[in-house]
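Notes for the structure review
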Amino acid sequence: AQSVTQPDIHITVSEGASLELRCNYSYGATPYLFWYVQSPGQGLQLLLKYFSGDTLVQGIKGFEAEFKRSQSSFNLRKPSVHWSDAAEYFCAVGPVSGYSTLTFGKGTMLLVSP
Amino acid sequence: DGGITQSPKYLFRKEGQNVTLSCEQNLNHDAMYWYRQDPGQGLRLIYYSQIVNDFQKGDIAEGYSVSREKKESFPLTVTSAQKNPTAFYLCASSIPGQEMGYTFGSGTRLTVV
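Here the structure is a predicted model, which is why all the values come from computation and not from measurement.

Some thoughts on the overall build of chain B
Regarding its fold elements, chain B presents zero helices and eleven strands. For chain B, the C-alpha radius of gyration of 13 Å lies close to 13 Å, the compact-globule estimate for 113 residues. Taken over 113 residues, chain B has a buried fraction of 48%. Considering only contacts within chain B whose residues lie at least 6 apart along the sequence, 51% involve residues at least 24 apart. Working note: accessible area of chain B is about 5400 Å², and carbon and sulfur atoms make up 47% of it. Across chain B, the 11 positively charged side chains and the 11 negatively charged ones have centroids separated by 8 Å.

In structure tokens form, the structure reads like this:
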């Protein structure tokens, strides 16, 4: 069965500092991988996605993620965090075939300190 | 603009009452999904539908029911059999394949008292 692990429940980063959120997945083959962001009381917004090709993918709001097959990881990064980045971040994995459901990690809450 | 509309934003019900959460999309997406979100639990799949008049149970379907009579609509009923219905409910939709990921609604917070 596929699964997603986000090891960090909370992370606090100073404004202007760099950020890395970890995501590890378990899957039989190379899956589709996604990062979503959720502001309090809102739905999820897609930040970026990986399907194939270049293992470094760029997303919205200055985020990027790197797929490492050998480590089954898809970590999210941002060079300089802004206070508006404070939110909850979810990693998700899905099979590369037709209809199927995504499996989500439990999320990482990002807190940004002044 | 296309999107997914969930209504209402906040919903209060007395224990023992059934309640229906609305989800409407104008994205022409075939597939629709319902997730439940509790603090520290991430998103858990309740039901999903790949096509009109067909739906499948997710991981936590007990105490919930759905219908898919129209492509645009996928209402979720929280029945009195659901033991802990207070939660944040998210609806999503997608096209065939995973290329675009899911588009989410803004959620409904259900509180049962």
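There's more to say after this.
Observations concerning the pairing of strand 10 (residues 87–94) of chain A
Both faces of the sheet carry side chains from a regular strand, because those side chains alternate between them. All names here are of chain A. Counting buried positions over the eight residues of strand 10 gives eight, a clear majority of the element. Both strand 5 (residues 32–38) and strand 10 contribute to a ladder of seven bridges, which runs antiparallel. Its bridge partner lying in strand 10, Tyr36 is registered against Phe90. When strand 10 meets strand 11 (residues 103–104), the two strands line up antiparallel, connected through two bridges. Across the sheet, residue Ala92 finds its bridge partner in strand 11, namely Phe104.

Overview of the packing of aromatic side chains
Applying the stated criterion across every chain yields a total of 19 aromatic pairs over all chains. Residues Tyr50 of chain A and Phe74 of chain A carry aromatic rings whose centres are separated by 6.4 Å and whose planes lie at 45 degrees to one another, so their mutual orientation is tilted. Within this pair, whereas Tyr50 of chain A is found in strand 6 (residues 44–50), its partner Phe74 of chain A is found in strand 9 (residues 73–78), the two being separated by 24 residues in sequence. Note on Tyr50 of chain A: relative accessible area 3%, which makes it buried. In this structure Phe74 of chain A comes out as buried when scored by relative accessible area, which is 0%. A network of ring pairs unites the aromatic residues Tyr32, Phe34, Tyr36, Phe51 and Phe104 of chain A together with Tyr33, Tyr35, Tyr48, Tyr102 and Phe104 of chain B as a single cluster.

Some thoughts on the environment of Pro8 of chain B
Residue and element names in this part refer to chain B. Along the chain, Pro8 falls in the loop between strand 1 (4–7) and strand 2 (10–13). It is 9.9 Å that separates the C-alpha atoms of Pro8 and Thr20, two residues lying twelve residues apart in sequence. With sequence-adjacent residues up to four places away left out, Pro8 is seen in contact with Gly107 and Thr108.

A closer look at the environment of Tyr89 of chain B
Residue and element names in this part refer to chain B. With respect to the helices and strands, Tyr89 occurs in strand 9 (residues 87–94). Classification of Tyr89 by relative accessible area gives buried; the value is 0%. Separated by 43 residues in the primary sequence, Tyr89 and Ile46 have C-alpha atoms spaced 9.5 Å apart. Residue contacts for Tyr89: discarding those within four places in its chain leaves Gln6, Leu21, Trp34, Tyr35, Arg36, Ile46, Tyr64, Leu76, Val78, Gly107, Thr108 and Leu110. In terms of polar contacts, Tyr89 uses its side chain to reach the backbone carbonyl oxygen of Pro85, at 2.7 Å.

With respect to the interface of chain B and chain A
Counting residues at the interface gives 26 residues for chain B, matched by 22 residues for chain A. Here chain B and chain A share an interface that buries about 1900 Å² over both sides, 56% of which is from carbon and sulfur atoms. Taken together, chain B and chain A are joined by zero salt bridges. Along the contact surface separating chain B from chain A lie five residue pairs in polar contact (both at pLDDT 80 or more).

Rules used in this analysis
The numbers attached to residues start from 1 for each chain and follow its sequence in the written order. Think of it this way: whatever chain is written first is A, whatever ligand is written first is 1, and the rest follow in order. Predicted model: local features are reported for residues with pLDDT of at least 70 only, side-chain atom pairs are reported and counted for 80 or more only, and whole-chain, interface and lining totals are derived from all residues. To obtain the side-chain values, all non-hydrogen atoms of the structure were used and water was disregarded. A run of H or I in DSSP counts as a helix once it spans at least four residues, and a run of E counts as a strand once it spans at least two, with each numbered from the N terminus. Within these notes, the globule rule equals 2.2 Å times the number of residues to the 0.38 power, and the radius of gyration is based on C-alpha atoms. Exposed residues in this analysis have more than 50% of their type's maximum accessible area, buried residues have under 20%, and partly exposed residues fall in between, with area computed by a 1.4 Å probe over protein chains only. Contact criterion: two residues are considered in contact whenever any of their non-hydrogen atoms come within 4.5 Å of each other. Per-residue and other accessible areas were derived by the Shrake-Rupley procedure at a 1.4 Å probe size, with only the shown protein chains allowed to occlude residues. His is not counted, nor are the chain ends, whereas Lys and Arg count as positive and Asp and Glu as negative. Taken as the charge location is NZ of Lys, CZ of Arg, CG of Asp or CD of Glu. Strand pairing is defined by DSSP finding a minimum of two bridges between the two strands. Side-chain rings of Phe, Tyr and Trp, where Trp is taken by its six-membered ring, are said to pair if the distance between their centres is within 6.5 Å; with planes under 30 degrees apart they count as stacked, over 60 as edge-to-face, and otherwise as tilted. We call two N or O atoms a polar contact when they sit within 3.5 Å, provided that within protein one can donate a hydrogen and the other can accept it, with sequence-adjacent residues counted only if both atoms are side-chain atoms. Reported buried area values correspond to the accessible surface (1.4 Å probe) lost by two parts on association, with both partners' losses combined. Salt bridge, as applied in this entry: a Lys or Arg side-chain nitrogen positioned within 4 Å of an Asp or Glu carboxyl oxygen.

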